[in-house]
Structure formats: structure tokens, C-alpha cells
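# Structure assessment
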Amino acid sequence: MQKGQMHRADRKEKLYVASLSGGKDSTAMVLRLIEEKWPLDLILFCDTGLEFPGMYEHVKKLEESLTVPVVWLKNEKGFEYYFLHYMPDRKNPALKDKVGMSWAGPRNRWCTSTLKVRVIDKYLKGLKKDYEIVQYVGIAADEPQRIKEFRYPLVDWGMTEKDCLEYCYSRGYDWNGLYELFSRVSCWCCPLQGLAELRSLRSHFPELWNQLLVWESKTWRTFRKDFSVDELEIRFRFEEERIQEGERIRGKEFSQELKKRLGRHG
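Read on for a plain summary of the structure. (Residues numbered from 1 in each chain as written. Predicted model: local features only at pLDDT ≥ 70, side-chain atom pairs only at ≥ 80, totals over all residues. Heavy atoms only, no water.)

## Focus: the packing of aromatic side chains
To be explicit about the condition: Centres within 6.5 Å make a pair out of two Phe, Tyr or Trp rings, where for Trp the six-membered ring is used; the pair is then stacked when the planes are under 30 degrees apart, edge-to-face when over 60, and tilted otherwise. The rule is simple: take the accessible area with a 1.4 Å probe, protein chains only, and divide by the maximum for that residue type; under 20% is buried, over 50% is exposed, in between is partly exposed. The helix count covers DSSP runs of H or I at least four residues long, the strand count covers runs of E at least two residues long, and both are numbered beginning at the N terminus.
Applying the stated criterion to the full structure yields 22 aromatic pairs. With centroids separated by 5.0 Å and ring planes inclined at 80°, the aromatic side chains of Tyr81 and Tyr82 adopt a geometry described as edge-to-face. Taking the relative accessible area as the measure of exposure, Tyr81 reaches 27% and is therefore partly exposed. Each ring, one from Phe83 and one from Trp215, has its centre 5.9 Å from the other, and the planes form 50°; the classification is tilted. With Phe83 in helix α4 (residues 79-85) and Trp215 in helix α10 (residues 206-218), this pair connects stretches of sequence that are 132 residues apart. Among the aromatic side chains, those forming a connected cluster through ring pairs are Phe79, Tyr81, Tyr82, Phe83, Tyr86, Trp103, Trp110, Trp188, Trp215 and Phe223.

## Side note on the nonpolar core
Using the following cut-off: For our purposes a nonpolar core is just a set of buried Ala, Val, Leu, Ile, Met, Phe, Trp, Tyr and Cys residues, chained together by side-chain atoms within 4.5 Å. Only heavy atoms enter the contact rule, under which two residues are in contact if any of them lie within 4.5 Å.
Core analysis: the largest hydrophobic core is formed by 65 residues, its most contacted members being Ile43, Phe52, Trp188, Leu201, Leu212 and Trp215. Considering each element in turn, this core owes the most residues, 5 residues, to helix α2 (residues 24-35). For Leu201, the residues in contact, after removing those within four places along its chain, are Phe52, Phe182, Trp188, Pro206, Leu208, Trp209 and Leu212. In terms of nonpolar packing, the next biggest core, distinct from the first, is built from 12 residues, Cys46, Val71, Leu124 and Leu127 among them.

## Examining the environment of Phe223
Checked against the element boundaries, Phe223 lands in the loop between α10 and α11 (229-244). Classification of Phe223 as buried rests on a relative accessible area of 2%. Along the backbone, Phe223 and Cys190 are 33 residues apart, and their C-alpha atoms lie at a distance of 8.9 Å. Not counting residues within four places of it along the chain, the set of residues in contact with Phe223 comprises Trp103, Cys189, Cys190, Pro191, Leu198, Leu212, Glu216, Ser228, Val229 and Leu232.

## Focus on the sheet that holds strand β2 (residues 42-46)
Picture the strands of a sheet paired through backbone hydrogen bonds; they go either parallel or antiparallel. Worth spelling out the cut-off: We call two strands paired when DSSP finds no fewer than two bridges between them. For helices, the fitted line uses only the C-alpha atoms of the stretch in contact; every axis is such a line through C-alpha atoms, and the angle between N-to-C directions lies from 0 to 180 degrees.
The sheet built from 4 strands is open, its strands ordered β3-β2-β1-β4 with parallel pairing. Sheet topology places β3 (70-73) and β4 (131-136) at the edges, where each strand pairs with a single neighbour. Across the sheet, the mean angle from the axis of one strand to that of its neighbour is 30°, orientation sign disregarded. Of the strand pairs in this sheet, strand β1 (residues 13-20) and β2 are connected by 4 bridges, and their pairing is parallel. Bridge pairing links Ala18 to Ile43 in β2. In the packing of α2 onto the sheet, contacts are made with β1, β2 and β4, and the angle to β1 comes to roughly 140°. Against the sheet, helix α3 (residues 53-65) contacts β1, β2 and β3, and its axis sits at roughly 150° relative to β3.

## Remarks on the environment of Phe238
Of note, Phe238 is situated in helix α11. Put simply, Phe238 and Ser113 are 125 residues apart on the chain and 36 Å apart in space, counted from C-alpha to C-alpha. Residues contacting Phe238, with those up to four places away along its chain left out, are Phe254, Glu257, Leu258 and Arg261.

## Describing the side chain of Thr48
Here is the rule: Any pair of nitrogen or oxygen atoms within 3.5 Å is treated as a polar contact; in protein, a donor-acceptor pairing is required on top of that, and neighbouring residues in sequence qualify only through side-chain atoms on both sides.
For Thr48, the position within the fold is in the loop between β2 and α3. The buried category is assigned to Thr48, whose relative accessible area is 5%. Here Leu50 takes part through its backbone nitrogen, which lies 3.0 Å from a polar atom of the side chain of Thr48. Setting aside chain neighbours within four positions, we find Thr48 in contact with Leu115, Lys116 and Cys187.

Listed below in C-alpha cells is the structure:
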């Protein structure tokens, strides 16, 4: 056997894996990969435990229609353990006695890394012993963040986020109306959501909103830099009062009265 032939014989078989968050982009990617007969062996769905009820229904519906197996992954300890009980080695001495990771922030998205990225990486690490992994990631053509090691079919196809949503709707996937309420349907308790989405959460999912209030009472970091969950409850109630009275929920008068209700001065 020649040297080049030996090298080819030793090469690992490729395993094609798609990451499925369950949202519009990754769903569109998986559907089109299969429709266009791209090589695909496994689909990975990592359950954070914080998905909307409609998201779980969507993933199960999708799984039933696909010809490729969907592997459900999940962190064994779950969100509440890390949020309330985990004690990391903190570099900031002012936080060394704080228990739990508390709410995530723009520069510390621990929940994404702990509940999703590390779980997927651990699973793939086991597969890499026997296979060369080709990983498809559902980042749309109009999204900026990409990593060289992954493949981005949506970019190859020129599919924007809007295209992905329309594509999924045309195939009968509507997430029970979640995208009519939220621009993104990731973890329902994410502090990085805008006020409009938090209003929708409170209005349409009161049981989830109440869970936010419970968690707020047990942790040490403010939900957002500008508002705690309790303060958001005060704000949204005040907005409802103003709307019933035919008053605006913007402007100087609104802001001044809101500050009084929140007990803020100056």
C-alpha cells in the first residue's frame, strides 16, 4: 500500500451534525438541509429548561416530521442550581460571598455557555473520538457573528432572518404564535429582552412572569441594570393605568410619576 493510500485509510469518517435551537433560523436550516439532501446524520437540541411551552411543542412536532434523528441534550443540574446555589471562584472581592450566578448580563451570559455550549461541546467531544465532525449552525445571512470551524448553510443560501421565518411558516411551523409576540424566542427569562417583549411575557405568560418575581426575591443581582423585576411590575401596572385613562406612557410627565412610584429621587 502506498503512503497516500495509508493516509486516506486512517482518515476518520465524517459525521454531519446540525445544531437546533428550535428558533426560526435553525429550524429553516434543518428543513432545507433535508429537503435539498445535504449530508446530515444527527440533529442536536439542547434543552435549557427555560424554553417557552410552545417551543417544546414545536421541537416535538418537527422531530416527528424529520427523517434524521434528533438528540435531546440537557445540563444535569439545571438553571436553578447555577442561578441560586453554585459558588464560582470570583475575581471580584466584592462578590466573593455572593451565592449563585444570579441574572446573566451582556458581558456575562453564563447561562448560554453553561446550559447550552458546554453541554453540546461535551457531547461532540465523545463523537470526535470516532468521527470528523462537520457542524451546521443556523446563523442567518444578515447576522454578523460566525466562527471558522462551523458551516453556515443559511449564509450559503443567502437566507435572512425574515426569509427563515417565512420559510418555516410556509412549511406549517408557527410556534403557536410565539413570533407574533416576540422578536426572538430564546429563554423566556432572559434579562437581555427589551421592554416590549417583557410586557408580552407578563401579559401572555403570567405564570412565567410570576416565576421571575419568585427568583428575583431569592437572588442578589438586579434583573436589568435599569429595573428589577419588581420595578418592572410597578412600571407595567402604571402603564396599564395610564392607558385606561387615555394618557401617554411616554414623555416627561410619565417619567416623573414613574420615578415617584419606584421611590427614585433626583
